[in-house]
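This is what each chain is made of:
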Amino acid sequence: MKKLCLLLTTILIISCQPASEPQMSNEDIASSLKENAVKLQNAILEQNLEVFNEYVDKNITFTTGDSNLSKFYNMSSERFDLEQKAVWGEFELYDINVNLSPDSKTAVLTFYAKGDYTVGGSDPIDYSTRASSVWVSTENGWKIMHSNWAPLEGGTGIPE
């Protein structure tokens, strides 16, 4: 009888354990992060707070450095209230590379961006930068932690 109780207790404990989620392959993680980077950047350009919040965790400070090489700052929803100097025409991220940490919980993305913008009705200004971002895996999905932008050799970043 004791053995039967022990067996039933073991079965009960095992059946109450949450099912583990299937692990994504590194290729799937990389593909997802590339999509996330594009969606996040579009949300920032379009001032879409709902989409922005999908990729930012309120418990993780998101620091960034703009392509005008100004000081780093914390990127948050409050920045959406600031007047935008640049009006974007085209904007595209390309050649996105993903490097995962050995435990696949942190990723560094390196990429390039091109496009054009106007300032105060100016003629379009060509935009060409290189950039990187750091993403971390959380219980709520992948969230951005840091990004850095700089003019590509011979390129132009955003205005001050």
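Residues numbered from 1 in each chain as written. Predicted model: local features only at pLDDT ≥ 70, side-chain atom pairs only at ≥ 80, totals over all residues. Heavy atoms only, no water.

A. Structural view of the overall build of the protein. What the protein contains, in helices and strands, is three helices and six strands. Reading the secondary structure of the protein in the N-to-C direction produces α-α-α-β-β-β-β-β-β. Summed over its atoms, the accessible surface of the protein is roughly 10,600 Å², and 52% of this surface lies on carbon and sulfur atoms. (Helix = DSSP H or I, 4+ residues; strand = E, 2+ residues; numbered from the N terminus. Areas by Shrake-Rupley, 256 points an atom, 1.4 Å probe, with all protein chains shown as cover.)

B. Structural detail: the nonpolar core. Counting residues in hydrophobic clusters, the biggest one holds 30 residues, and the most contacted among them are Leu33, Phe52, Leu93, Leu109, Trp135 and Trp149. For this core, the elements supplying multiple residues, two or more each, are helix 2 (26–46), strand 3 (86–100), strand 4 (106–119), strand 5 (125–138) and strand 6 (141–151). Of the residues forming this core, the biggest block, seven residues, is contributed by helix 2. In contact with Leu109, not counting residues within four places along its chain, are Leu33, Ala37, Ile96, Asn97, Val98, Ala131, Ser132, Ser133 and Trp135. (Core = buried A, V, L, I, M, F, W, Y, C linked by side-chain atoms within 4.5 Å. Buried < 20%, exposed > 50% of the residue type's maximum accessible area, 1.4 Å probe, protein only. Contact = heavy atoms within 4.5 Å.)

C. Structural context of the packing of aromatic side chains. With the rule as written, the count across this model stands at eleven aromatic pairs. Residues Trp88 and Phe91 carry aromatic rings whose centres are separated by 5.1 Å and whose planes lie at 90° to one another, so their mutual orientation is edge-to-face. Ring centres of Phe91 and Tyr127 lie 5.5 Å apart, and the angle between their planes is 35°; on these two criteria the pair is classed as tilted. Linking Phe91 in strand 3 with Tyr127 in strand 5, this pair joins segments that are 36 residues apart in sequence. A relative accessible area of 18% means that Phe91 is categorised as buried. Relative accessible area serves as the criterion here: at 5%, Tyr127 is assigned to the buried category. Of the aromatic side chains, those joined through ring pairs into one cluster are Trp88, Phe91, Phe111, Tyr117, Tyr127 and Trp149. (Phe/Tyr/Trp six-rings, centres within 6.5 Å; stacked < 30°, edge-to-face > 60°.)

D. How the structure looks around the pairing of strand 3. Summarising the sheet, strand 3 and strand 4 pair through eleven bridges and their orientation is antiparallel. Among the inter-strand pairings, Val87 is bridged to a residue of strand 4, identified as Thr118. (Pairing = 2+ DSSP bridges.)

E. Region of the structure containing the pairing of strand 4. Here strand 3 folds back onto strand 4, and the loop between the two strands holds five residues, one of which, Ser104, carries a positive phi near 60°. As defined by bridge partners, strand 4 adjoins strand 5 across twelve bridges and the pair is classed as antiparallel. Paired with Lys114 across the strands is Ser128, a residue of strand 5. Linking strand 4 to strand 5, which pair antiparallel, is a turn of five residues; within it Gly120 sits at a positive phi near 55°.

F. Broad picture of the side chain of Ser133. As for its position among the elements, Ser133 is in strand 5. When sequence neighbours within four positions are dropped, the list of residues in contact with Ser133 reads Ala107, Val108, Leu109, Phe111, Ile144, His146 and Ser147.

G. Here's a closer look at the side chain of Ser147. When you line up the elements, Ser147 lands in strand 6. Accessibility expressed as a relative area gives 5% for Ser147, which makes it buried. Among the polar contacts listed, one links the side chain of Ser147 to the side chain of Thr64, at a separation of 2.5 Å. Dropping the residues within four chain positions of it, Ser147 is found in contact with Phe62, Thr63, Thr64, Gly65, Phe72, Ser132 and Ser133. (Polar contact = N/O pair within 3.5 Å; in protein donor to acceptor, adjacent residues only side chain to side chain.)

Worth remembering: the numbers are spatial, not functional.
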